[in-house]
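Close look at the chain arrangement
One-letter residues, chain by chain:
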Protein chains: 2
Amino acid sequence: MLNDIVENRLIASLVQGYRRSPLQANGLHETDAEILRLNDACSIAITTDSIAEEVEIGLYEDPWLIGWMAVMANLSDLAAVGALPLGLVLSEILPSDFSQESLKRLQQGIRDACERCGTFVLGGDTNAGTKLIITGTAFGLNTEGRFLTRTGCRPGDCLYATGSLGTGSAYALSVLMTNPGGENSEKPVDYRPVARVREGAILKRFASSCMDTSDGVLATLDQLVRLNRLGFELTAPWNEALDTRVREMASERRIPEWLFLAGQHGEFELLFTIPVRSVALFEESALAGGWQPRLLGRVVAEPVVRISINEQLHVLDTGRIRNIPWTAGPDPGKQLEELLAMHTALAGHEQTFYTALTNS
Amino acid sequence: MLNDIVENRLIASLVQGYRRSPLQANGLHETDAEILRLNDACSIAITTDSIAEEVEIGLYEDPWLIGWMAVMANLSDLAAVGALPLGLVLSEILPSDFSQESLKRLQQGIRDACERCGTFVLGGDTNAGTKLIITGTAFGLNTEGRFLTRTGCRPGDCLYATGSLGTGSAYALSVLMTNPGGENSEKPVDYRPVARVREGAILKRFASSCMDTSDGVLATLDQLVRLNRLGFELTAPWNEALDTRVREMASERRIPEWLFLAGQHGEFELLFTIPVRSVALFEESALAGGWQPRLLGRVVAEPVVRISINEQLHVLDTGRIRNIPWTAGPDPGKQLEELLAMHTALAGHEQTFYTALTNS
């Protein structure tokens, strides 16, 4: 079932033949960061993430954002296992024509992200290259040896997000596809994810499963479905969890709101499940920690994602959605076209949206 | 003094403005890997290294070697601080035209290197890109919280290498510059460094300073000079520490043997110093561990590198040698030319070598 997804097959083929460390506490795909158990009291979480394709396709152009994301993408993985970040190392491939000004902005983004999350650059490596590529590797501590995994939820558990959703898709849309309505004065989407480190530390006490939305909300739910062999019903008013600017953009561009959960450039929130018996204490702890979790729905026995669209509950083919980059190719216009076709098939009679794709 | 070296200036400029972790136990440039003290009994070593430029300039073409080096370059840094490797994560940028066969060889190289040093791939990240780039990040444990540093040697200490030297330079020469003598049947240089992990663990008990030769022997000595404000005299028959094939190549190509210490593609041995009072016990422990350290010379008070060339002791301008990639540019022919000019200035009357540079 995991291998229905091209990306899962790719990962499985890459690790095939490697022996696993006897100290490694997580299985393949089971956690957002790798966990190494040093002793009963202490395990280490480690994760690596390169900012490469995002630069290559023009999604990230501002060096500040590239630096910020190189840090945040990694810290988000640590947050999703409930680890306390200890620091990170960075490998920077710098193009020979990279200006001093760009380098400064890159470093400022790295520095701002570290300060925002209270962590540190410990060291790194640099190489000259043709394209800017930043690889971060972060590591953190799991006190008491405990950590969050993607597996363990049960039917009936409540599904939440740590914050508002859809900004990753909306940002990608605004950068990669100008509004075919021609409104060039479209208000830019503020995209500056903050890894949910403090939230992850609270979730470690309550959550029955947790994963970050680095690949978007539906890709995350799809992976949780495959790993847990359970499903999710997004029956709560999930669209209230969308960022305000995202809902505005959906309306301006006449794109169905749920499609902002389907893009695979994520918002780096955490999706997590809480057993009903723990909900009251969890919500209290979250409030005490200064945040408001967004209820999205429930865990259900049938291993599919159902979402209410205009008060009708629809099953989404999340596997098909995740494979769109492979089936539709890299063109964001083609990818959106396929998502819109899916929407038409689900809720065709409301097809009043976004008809000017080819103008983009 | 450190900042006389372009690379040191670059590193200093890259970390400028970053706050240092209060847990970080090493200073900038002071160790081959970053050290984070978790508690009195335990510190973690972490290091990151990308194989990028080596692929870009055609130095590494075989995917097996690229995989092997992505692991070994990192494990060598752990060895140089005396850490026990716990594992590594890999970020792979794979070109779209990378064949299945190449991918298999890459993975085989990674796997072989891990098995050779008893360590594990814990996880990773993949991106599509234009050029193959592999970034490894390894981490290890420093039991008892102790670790080796580049600083701490004293005049009189003995200078050693863990194994035979010059293979990195000889390999680069054989790949990047065909023999102008026209002997295309030149025997290839076997280049397959093994990180000196076991040796590092022994050195932790004895060495007063330690650094790996990832950038070549003279670059390593130069950095040790700048950090310790002490010098080295290579008065032992250091050329006996050269690999047999290296000495053959020096003779075939009529290149002075010491130039094989000057190239900045290293052999990933450790250079280290042992206080005289510990030499006997150290050598005994090394032998018991199954290896034969190579004595190169001594630590001296004057902060320069002196080397005996044909029984004459010469001061080498190692700072100039390290800056050659910036002063002579990326062309290996131009770089060798500058080294040969240095040799002529030092020992000009023996100028019987390698006159056909422009034919290469």
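Now for a quick tour of the structure. (Residues numbered from 1 in each chain as written. Chains lettered and ligands numbered in written order. Predicted model: local features only at pLDDT ≥ 70, side-chain atom pairs only at ≥ 80, totals over all residues. Heavy atoms only, no water.)

Now for the pattern of salt bridges. The final tally for this structure, using the stated rule, is 30 salt bridges over all chains. One salt bridge in this structure joins Arg 19 of chain B and Glu 115 of chain A, with 3.5 Å as the shortest N-O distance. Of this pair, Arg 19 of chain B sits in the loop between helix H1 (6-15) and strand S1 (34-39) while Glu 115 of chain A sits in helix H4 (residues 100-117), placing the two residues on different chains. Judged by its relative accessible area of 48%, Arg 19 of chain B is partly exposed. Assessed through its relative accessible area of 39%, Glu 115 of chain A is described here as partly exposed. Among the ionic pairs, Asp 222 of chain A bridges to Arg 322 of chain A, the shortest N-O distance being 2.7 Å. (Salt bridge = Lys/Arg side-chain N within 4 Å of Asp/Glu carboxyl O. Helix = DSSP H or I, 4+ residues; strand = E, 2+ residues; numbered from the N terminus. Buried < 20%, exposed > 50% of the residue type's maximum accessible area, 1.4 Å probe, protein only.)

Of the two same-sequence chains, chain B is brought onto chain A (RMSD 0.0 Å, axial shift 0.0 Å) by a rotation of 180°. Both copies are brought into coincidence by an operation consistent with a two-fold rotation axis. Residue by residue, 100% of the interface of chain B is reproduced at the interface of chain A, so both copies engage with the same surface. (Least-squares fit on C-alpha atoms with pLDDT ≥ 70 in both. Contact = heavy atoms within 4.5 Å.)

Turning our eyes to something else, we now look at the sheet that holds strand S4 (residues 121-129) of chain A. Residues and elements named next belong to chain A. Spatial strand order, S1-S2-S5-S3-S4: five strands in an open sheet with mixed pairing. With one partner strand each, in any of the chains shown, strand S1 (34-39) and S4 form the two edges of the open sheet. On average, each strand axis in the sheet is inclined to that of its neighbour by 15°, with strand direction left out of account. In this sheet, S4 lies alongside strand S3 (residues 84-95) in parallel orientation, the contact comprising eight bridges. Bridge pairing in S4 links Ser 91 to Asp 125. (Pairing = 2+ DSSP bridges. Axes fitted to C-alpha atoms, helices over the stretch in contact; angles between N-to-C directions.)

What follows covers the interface of chain B and chain A. Contact with chain B, which involves 53 residues of that partner, is made by 53 residues of chain A. A buried area of about 4,600 Å², summed over both sides, lies between chain B and chain A, and 64% of it is on carbon and sulfur atoms. Taken together, the links from chain B to chain A amount to two salt bridges. Elements that contribute at least two residues to the side of chain B that touches chain A include exactly H1, S1, strand S2 (42-51), helix H2 (53-56), strand S3 (84-95), helix H4 (100-116), strand S4 (121-129) and strand S5 (133-143) of chain B. (Buried area = accessible area lost by both parts, 1.4 Å probe.)

Let's shift gears to the sheet that holds S5 of chain B. Residue and element names in this part refer to chain B. Pairing is mixed across the open sheet formed by five strands, whose spatial order is S1-S2-S5-S3-S4. Looking at strand neighbours, the two that pair on one side only are S1 and S4, the edges of this open sheet. Adjacent strand axes in the sheet meet at a mean angle of 15°, parallel and antiparallel pairs treated alike. Each of S2, S3 and S5 is contacted by helix H3 (residues 63-80), which is oriented at about 145° to S2, the strand it contacts most. Each of S3, S4 and S5 touches H4; the most contacted strand, S3, lies at about 170° to it.

Bringing the packing of helix H7 (residues 217-228) of chain A against helix H10 (residues 318-327) of chain A into the picture now. All names here are of chain A. Contact geometry of H7 with H10 gives a least axis separation of 9 Å together with a crossing angle of 125°. On the basis of the axis angle, H7 is oblique to H10. Crossing handedness for the pair H7 and H10: left-handed. Of the residues in H10, those in contact with Leu 218, Ala 219, Asp 222, Gln 223 and Arg 226 of H7 are Thr 318, Gly 319, Ile 321 and Arg 322. A breakdown of the residues in the contact of H7 with H10 according to their chemical character gives three nonpolar, three polar and three charged. (Parallel < 35°, antiparallel > 145°, perpendicular 65-115°, else oblique. Left-handed = near helix turned anticlockwise from the far one by under 90°. Nonpolar A, V, L, I, M, F, W, Y, C, P; charged D, E, K, R; others polar.)

Attention shifts here to unusual backbone geometry. Positive phi, normally seen in glycine, also occurs at Glu 311 of chain A, with a value near 65°. Within the secondary structure layout, Glu 311 of chain A lies in the loop between strand S11 (305-309) and strand S12 (312-316). Its relative accessible area of 83% is what places Glu 311 of chain A among the exposed residues. Although it is not a glycine, Arg 229 of chain B adopts a positive phi angle of roughly 50°. On the secondary structure map, Arg 229 of chain B appears in the loop between helix H7 (217-228) and strand S8 (231-234). What makes Arg 229 of chain B exposed here is its relative accessible area of 57%.

All names here are of chain A. Note on placement: Thr 135 falls in strand S5 (residues 133-143). Residue Thr 135 is classed as buried on the basis of its relative accessible area, which comes to 3%. There is a polar contact of 2.6 Å between the side chain of Thr 135 and the side chain of Ser 50. (Polar contact = N/O pair within 3.5 Å; in protein donor to acceptor, adjacent residues only side chain to side chain.)

Quick look at the environment of Leu 176 of chain B now. Residue and element names in this part refer to chain B. Tracing the chain through its elements places Leu 176 in helix H5 (residues 167-176). The class of Leu 176 is partly exposed, set by a relative accessible area of 29%. C-alpha separation for the pair Leu 176 and Leu 59, spaced 117 residues apart in sequence, amounts to 6.6 Å. Filtering out sequence-adjacent residues up to four positions away, Leu 176 remains in contact with Ile 57, Gly 58, Leu 59 and Pro 332.

Relative to the elements of secondary structure, Tyr 18 of chain A occurs in the loop between helix H1 (6-15) and S1. For Tyr 18 of chain A, a relative accessible area of 15% corresponds to the buried category.

Let us now look at the environment of Gln 335 of chain A. All names here are of chain A. Among the structural elements, Gln 335 can be located in helix H11 (residues 332-347). Classification of Gln 335 as partly exposed rests on a relative accessible area of 21%. Sequence separation between Gln 335 and Ala 161 is 174 residues, and the spatial gap between their C-alpha atoms is 25 Å. What Gln 335 contacts, discounting residues up to four positions off in sequence, is Ile 324, Pro 325, Ala 328, Gly 329 and Pro 330.

Quick look at the packing of aromatic side chains now. As enumerated under the stated definition, the model contains 21 aromatic pairs over all chains in all. Between Tyr 60 of chain B and Tyr 191 of chain B, the aromatic rings sit 6.4 Å apart at their centres with planes inclined by 35°, giving tilted as the arrangement. Of this pair, Tyr 60 of chain B sits in the loop between H2 and H3 while Tyr 191 of chain B is found in the loop between H5 and helix H6 (197-203), placing the two residues 131 residues apart along the sequence. When its relative accessible area of 6% is taken as the criterion, Tyr 191 of chain B is described as buried. Three or more aromatic residues link up through ring pairs in this structure, and these residues are Tyr 160, Phe 206, Phe 272, Phe 282 and Trp 291 of chain A. (Phe/Tyr/Trp six-rings, centres within 6.5 Å; stacked < 30°, edge-to-face > 60°.)

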